[in-house]
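The chain contents come next:
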Amino acid sequence: MSKLILERLKAQFGADVLEVSSFRGDDVALVKPARWVDVARFVHDDPRCACTYFVDLSAVDLCDPRTDDLDMDDRFEVYVIAYSVEHKHRVRIKTRVSGDEPRLATVIPVWSGANWMEREVFDMYGVHFEGHPDPRRILTYDEFKGHPLRKDYPANRAQPLVEYRDGTFNKLGPFLQDEGMPLNRSAAPDERN
Amino acid sequence: MADLSKLETRTIGGGESGFVTTKFEALLGWARKYSLFQYPFATACCGMEFFSTASPRYDIARFGAEAPRFSPRQSDVLWVVGTISQRQAPVLRRVYEQMTEPKWVIAFGTCASCGGFYDNYATVPGIDKIIPVDVFIPGCPPRPEAVLDGLMLLQDKIGRCDRTPETVKNTLLAEGADEALEKLYQIRMKP
Amino acid sequence: MEPVDLDFEEADLELPSEPMTLLMGPSHPAMHGTIRMILKLDGETVQDVDIQPGYLHRAFEKMSERGTWSQVFPYTDRLNYVSPLLNNVGYALAVEKLLGVEVPRKGQLFRVILGEMSRISDHLTCNGAMAMELGAFTPFLWYLKAREWIWEACEEQTGARLTHSFFRIGGAAFPPTEKIQAQIRSILPRTLEVVAEGESLLLKNRIFLDRTQGVGVLTKEHALSMGVSGPVLRSCGIDYDVRKDKPYLTYGECDFDVPVGEDGDTYDRFMVRAEEIRQSCRIIEQSLDLMKKIAPGSPDDAVSIVDPRIVLPPKDKVYTTIEGTIAHFKLIMEGIDVPPGEVYGYTEAGNGELGFLLVSRGGGNPWRVRVRGPCFFSLQAAHDMIRGGMLADIIPTFGSINMIGGECDR
């Protein structure tokens, strides 16, 4: 793939581009969170980049709760992928925000498609996007507490909206044991983990 | 009247025509079981197999259950087809509460029956945690044949006035099934 | 015809102007059970709409982090459950990109063939369901008939009708069966016939045309900035298809066209899908021919790579040799050791660009599996397709997006 975008980014933003790489052909640039929107706008508007096609925006939790501090700096890595239909090249721009009150500026003015993706990142990771017009949860419900894709959220901590019927826990499931479905859901959700 | 004879029914001879006695519930159940209006609460993957069951090859109409009603007030059977998430659970219970008696519930597929392999914060571990269920159909998704088995099991239960939850059991292939399947394959391969 | 109430003075009176709020879904038959729309209606005109997905959120991404790399395959089946094999291919290719390996030629062709079969079944279902929601039940039944043939072939090969979990990291579970090639060749012409039959019922039908043409229009610029992909993007006139723009597998060798619409309306989306079925058939025919040309016994003549660190050994080796047993045990219990790194692998799935962002920290478990479900993006753009239109137009517009809950809400 062409490294043109990465070179243009380095020329334009200098030391604010912390790291570039092209692992397996993916052009990636890690930038400072303060310049997040500027970089996005440059990639979108610059005629030689022209990445007008919004591909994806999501995040990665870099914290390992077994070894790291949950409030560590650079805990959440937010990335956006953009593609140029004209030049047929794509770039991934990343930035890192801290685990303690993560905040980042929104890129909706650049790509309007970022709206739902930023809501999803907020829902799943709790990263607040400043200037987002509609900062609600999207995949989980309003009553949900916590952010499920954070590494410290146990996968099976359910928060039921409907009270479960009496007598349905600690009973044998609908399938018998010889039917190959051992049911491990024997305890109420609060008792697990 | 073959079905009625199983249901504590007596045929009394005498006169020219004779007459039949039976329990009222049994007669009602027999009358109900072949005219089930269904409410397909299709959410996920199983919905595709539900389409297939309704489509010409498997043709659920043969069992008197082809009429879908997308209003809970007009339907008898609630098919819960697919995963029910915690967010969906209040909706499911509302739909169930809106249905008029008599009503039956079929849990279609593993996710509806016990949550399947989605053992996590988002899914309800089986709809019987929320609403009572009559028939569980295992499979991810179940084959249309299993679905028809489940429907027949429900009809049987309705006829027996039996409300205990039951699961569709796997049945072994009958003898000679392999040759029959091969023959079927040859027929279907013909242009 | 003149309006009946022309002479009445009451015709001058205006209806109350406050908008009405209408909740549509999630248990609405046209919302596929998983979408809720909060509509603000002025008469029958949609003033504003709030689309709420998430009713089928099953925590795909969280579950992927819990198991090994191979254990993600069953979950990918249930992303876009109308074309599971394409999801399998997409995920397998993404992990192979991270590993830096490539499947032998026969395996690649095999992936193309089965993947395109899945695409046909996806488009048949979408077009059929859309027609059904407009009241045309017959094409739906006919398309389902053709879909049964495709699923039958998939079952012949994979053993499952719908959730196949057939492809593996580094290849496929089994080589092609004896019957499969003849079977595929026999169903393709029949499928095309059914597609043409269904179109003959719809495309000269005034009701169908009036309800789809000029309805739910999406503009080019908007589609780009919304991240819409696949048939919905191509119907706007942008010929972006991952199979052409960045050919993976053997798509580069196949001769096929990318159908492109003009107006970006519901009718164009229907036609783009119908034409893609024909192009998929062309791809399959060519790939079957290419597969025939592979010399038996050559290195190309295998569906899986030979690497005991990635691919499970054959079962007879597992039961008879100690190396086989250990390799099997290590792969099942510890998983494939994927080197640390981060890649974004993307393919063209039924609904558009299906991307997997994989993060590995070494070892057998994924650190992060992010899936870019294409219809999540299309659904977001549906906001602008629906707003300003009529209430009844929501049904065909929403149907033509082909919202698949598993992929949208994950």
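For clarity, every value in this text was computed on a predicted model and none was experimentally measured.

Enquirer: Requested: an account of the interface of chain B and chain C, with residues and values cited.
Expert: Contact residues are listed per partner, giving 38 residues for chain B and 40 residues for chain C. Summed over both partners, the interface of chain B with chain C comes to about 3500 Å²; 58% of that surface belongs to carbon and sulfur atoms. The largest per-residue losses of area from chain B upon contact with chain C belong to Met48(B), Arg87(B) and Phe117(B), which jointly make up 17% of the total buried on that side. Run the count over chain B and chain C and you get five salt bridges. Looking at the side of chain B that touches chain C, the elements that each hand over two or more residues are strand S3 (38-42), helix H3 (46-54), helix H4 (89-98) and helix H7 (177-189) of chain B. Of the residues in the side of chain B that touches chain C, the class split is 22 nonpolar, eight polar and eight charged.

Enquirer: Run through the confidence of the model for chain A, naming residues and quoting values.
Expert: Mean pLDDT for chain A: 81, with 84% of residues reaching 70 or above. Note on residues 169-193 of chain A: pLDDT under 50 across the span, and 47 contacts to partners over four residues away in sequence or across chains.

Enquirer: Pulling in residues and values, what's your account of the sheet that holds strand S8 (residues 368-372) of chain C?
Expert: Residues and elements named next belong to chain C. Strand order across the open sheet formed by three strands is S6-S7-S8, with antiparallel pairing between neighbours. Two strands close off the open sheet at either side, each with one partner strand: strand S6 (341-349) and S8. Each strand of the sheet is rotated relative to its neighbour by a mean of 15°, with strand direction disregarded. In this structure, S6 lies alongside strand S7 (residues 352-360), joined through nine bridges in antiparallel fashion. Bridge pairing in S7 places Glu342 opposite Val359. Set on the sheet, helix H3 (residues 84-99) makes contact with S6, S7 and S8; between it and S6 the angle comes to about 150°.

Enquirer: An account of the interface of chain A and chain C is requested, with residue identities and associated values reported.
Expert: Of the residues lining the interface, 45 residues belong to chain A; the matching set on chain C comes to 46 residues. Contact between chain A and chain C buries roughly 3800 Å² in total, counting both sides, with carbon and sulfur atoms accounting for 53%. The tally of links between chain A and chain C comes to ten salt bridges. The shortest N-O distance in the salt bridge between Lys97(C) and Asp26(A) comes to 2.8 Å. Counting every contact that joins chain A to chain C gives 31 residue pairs in polar contact (both at pLDDT 80 or more). When contributions to the side of chain A that touches chain C are tallied by element, the ones reaching two or more residues are strand S3 (53-61), strand S4 (76-84), strand S5 (89-97) and helix H3 (114-125) of chain A. The element contributing the most residues to the side of chain A that touches chain C is S3(A), with nine residues. Of the residues assigned to the side of chain A that touches chain C, the class counts are 25 nonpolar, six polar and 14 charged.

Enquirer: Before we move on, can you summarise the pattern of salt bridges with the specific residues and values?
Expert: Applying the stated criterion across every chain yields a total of 59 salt bridges over all chains. A salt bridge links Asp156(B) to Arg160(B); its shortest N-O distance comes to 3.0 Å. Here Asp156(B) pairs with Arg160(B), and both are found in helix H6 (residues 144-160), just four residues apart, close to one helical turn. Note that Arg111(C) is salt-bridged to Glu96(C), the shortest N-O span being 2.9 Å. Here Arg111(C), found in helix H4 (residues 105-133), pairs with Glu96(C), found in helix H3; they are 15 residues apart in sequence, far enough to count as distant. Grouping residues by exposure puts Arg111(C) and Glu96(C) together as buried. Among the ionic contacts, a cluster of salt bridges with common partners joins Asp26(A), Glu77(A), Arg92(A), Lys94(A), Arg96(A), Lys97(C) and Glu342(C).

Enquirer: An account of the packing of H3(A) against helix H14 (residues 374-386) of chain C is needed here, citing residue identities and associated values.
Expert: Taken N-terminus to C-terminus, the directions of H3(A) and H14(C) make an angle of 120°; their axes are 9 Å apart at the nearest point. By the angle between their directions, the pair H3(A) and H14(C) is classed as oblique. Here H3(A) contributes Asn115(A), Trp116(A), Met117(A) and Glu120(A) to the contact with H14(C), which in turn contributes Phe376(C), Phe377(C), Leu379(C) and Gln380(C). The residue makeup of the contact of H3(A) with H14(C), split by class, is five nonpolar, two polar and one charged.

Enquirer: Can you explain the environment of Glu148(C)? Please cite residues and give values.
Expert: Position of Glu148(C) relative to the elements: it lies in helix H5 (residues 137-158). Linking Glu148(C) and Arg161(C), residues 13 residues apart in sequence, is a C-alpha distance of 8.9 Å. Excluding anything up to four places from it in sequence, Glu148(C) contacts Ser52(B), Ser55(B), Arg57(B), Tyr58(B) and Arg161(C).

Enquirer: How would you explain the domain arrangement of chain C if you had to name every residue and give the values?
Expert: Residue and element names in this part refer to chain C. Here chain C is described as being made up of domain 1 (4-52) and domain 2 (70-409). If you average the C-alpha positions of domain 1 and of domain 2, the two centres end up 36 Å apart. Contact with domain 1, which involves 19 residues of that partner, is made by 16 residues of domain 2. Across the domain 1 to domain 2 interface the summed buried area is about 1500 Å²; carbon plus sulfur atoms make up 71%. Interface area lost by domain 1 to domain 2 is led by His32, Glu44 and Val46, which between them contribute 31%. Joining domain 1 to domain 2, the criterion identifies zero salt bridges.

Enquirer: Can you break down the nonpolar core residue by residue, with the values?
Expert: Leu9(A), Trp36(A), Leu57(A), Met37(C) and Leu379(C) are the most contacted members of the largest nonpolar core, which totals 145 residues. Grouped together as the second largest cluster of nonpolar side chains are 30 residues, Tyr118(B), Met63(C), Val72(C) and Leu99(C) included.

About the criteria used
Residues numbered from 1 in each chain as written. Chains lettered and ligands numbered in written order. Predicted model: local features only at pLDDT ≥ 70, side-chain atom pairs only at ≥ 80, totals over all residues. Heavy atoms only, no water. Contact = heavy atoms within 4.5 Å. Buried area = accessible area lost by both parts, 1.4 Å probe. Salt bridge = Lys/Arg side-chain N within 4 Å of Asp/Glu carboxyl O. Helix = DSSP H or I, 4+ residues; strand = E, 2+ residues; numbered from the N terminus. Nonpolar A, V, L, I, M, F, W, Y, C, P; charged D, E, K, R; others polar. pLDDT = per-residue confidence, 0-100. Pairing = 2+ DSSP bridges. Axes fitted to C-alpha atoms, helices over the stretch in contact; angles between N-to-C directions. Polar contact = N/O pair within 3.5 Å; in protein donor to acceptor, adjacent residues only side chain to side chain. Buried < 20%, exposed > 50% of the residue type's maximum accessible area, 1.4 Å probe, protein only. Parallel < 35°, antiparallel > 145°, perpendicular 65-115°, else oblique. Domains from an automatic or database assignment. Core = buried A, V, L, I, M, F, W, Y, C linked by side-chain atoms within 4.5 Å.

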